[in-house]
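Next come the chains, spelled out residue by residue.
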Amino acid sequence: MLTERWHILGAGAIGTLLATQLQEAGSKVSLLHRNCAGAEVAPAQLKRYAQGRVSTHHLTRSSAAAVQEIQGLIITTKAADVIPALLDVRGKLAADAPVILLHNGLGIYEQLINHYPASLTYCGITTEGAYLDNAGDLIHAGHGDTRVGQPDGAATARALSELLEPRGSWLWDADINLSLWRKLMINCAINPLTAIHGCRNGELLENPQLREETQALVAELAAVSAAAGFKQLAATLQKTVAGIIGATADNASSMRQDLERGRATEIEAITGYCCRRATTLNVPTPLNHRLLQQVRRISMEKN
Ligand code: KPL
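Residues numbered from 1 in each chain as written. Predicted model: local features only at pLDDT ≥ 70, side-chain atom pairs only at ≥ 80, totals over all residues. Heavy atoms only, no water.

Tracing the backbone through its elements, the reader meets S254 in helix α10 (residues 254-260). For the pair S254 and L102, spaced 152 residues apart in sequence, the C-alpha separation works out to 14 Å. Polar contacts involving the side chain of S254 include one to the side chain of N191, which spans 3.4 Å. (Helix = DSSP H or I, 4+ residues; strand = E, 2+ residues; numbered from the N terminus. Polar contact = N/O pair within 3.5 Å; in protein donor to acceptor, adjacent residues only side chain to side chain.)

A few words now on the packing of aromatic side chains. Tallied over the entire structure, the rule returns two aromatic pairs. Consider the rings of Y122 and W172, whose centres lie 6.2 Å apart with planes at 75 degrees: the pair is edge-to-face. Here the residue Y122 occupies a position in strand β7 (residues 121-126), and W172 occupies one in strand β11 (residues 170-172), the gap between them amounting to 50 residues. Exposure remark for Y122: the relative accessible area of 0% places this residue in the buried category. Measuring from centroid to centroid gives 5.2 Å for W181 and F230, while their planes differ by 20 degrees, and the two rings are stacked. Placement of the pair is W181 in helix α5 (residues 176-197) and F230 in the loop between α7 (208-227) and α8 (231-235), with a sequence separation of 49 residues. Per residue, the accessibility class of W181 equals that of F230, and both read buried. (Phe/Tyr/Trp six-rings, centres within 6.5 Å; stacked < 30°, edge-to-face > 60°. Buried < 20%, exposed > 50% of the residue type's maximum accessible area, 1.4 Å probe, protein only.)

The next thing to look at is the pairing of strand β8 (residues 129-132). Where β8 lies against strand β9 (residues 138-142), four bridges are found, and the strand directions are antiparallel. In the strand pairing of β9, Y131 is matched with I139. Hairpin connection of β8 to β9: five residues between the antiparallel strands, including G136 at a positive phi of 85 degrees. (Pairing = 2+ DSSP bridges.)

Bringing the nonpolar core into the picture now. Counting residues in hydrophobic clusters, the biggest one holds 66 residues, and the most contacted among them are L73, W181 and M185. A total of 11 residues in this core trace back to one element, the largest contributor, which is α5. Excluding its chain neighbours within four sequence positions, the residues that come into contact with L73 are W6, H7, L9, L32, L86, V89, L93, P98, V99 and I100. W6, L31, Y122 and L138 belong to the second largest nonpolar core, which has 19 residues in total. (Core = buried A, V, L, I, M, F, W, Y, C linked by side-chain atoms within 4.5 Å. Contact = heavy atoms within 4.5 Å.)

Below you can see the structure in the form of structure tokens.
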């Protein structure tokens, strides 16, 4: 077994939820805070509510500065914070420590492997939905799964799969590049439009004008997907996106929430990445470019 001890950097709702799940499955887990002073603190008690059931968890929290050695690291920060977060703890990572990245968007893995071995770096996506309420309790609102794989398909993939396979809702994904691209396309289709229009995900299909805009955007994304080699995904992208919009109709997308709360968005790793990739593939993406500029402008106005 590769590691029994995970540190999670980025202790928001998803990081905290994954910590409780790994703990339930028998792993030792600590939440790492980048900016908190002091040493490892006593386990904090946390209540998790899921489908009418409440469970109590004791999670150790510590500052990145205080931790001695990290045997396995899961980074659940926003895309733009991943590299600084890794660099903060780089010197604490054991020689064979796996690092798992779980963020929206793409392009960070390629930067991260300049600082850490690709053979130990994994990417994942989660369809779990969770938030921390005002009392600090964890609400597990949507049940999904967490898929992890290795973009370069290196040899240690099997070892990590053996570690993660029995871990509750964690799954090994042998074709993680496809899953990451599919998630990118879904985020490109839903996040900027809902952020700009300040609407629920479902309104993208319920409102005729927004439906037209969404479908035109998805057609552009399908062209990028096909040029990037994801032909089958391209052929069914309209249906896929419509399915996710329907399943998350009442959600406020993460980008809408970020924009409304004046927080940094993940637009550069989502639409920004897609536009950069489309340029290298010679695929015109005027709609994505327009949305990228709009979200950047609204973000600047709010900050
Ligand atoms: O992942 C999401 C997000 O909001 O970031 C979707 C799938 C769009 C659900 O809201």
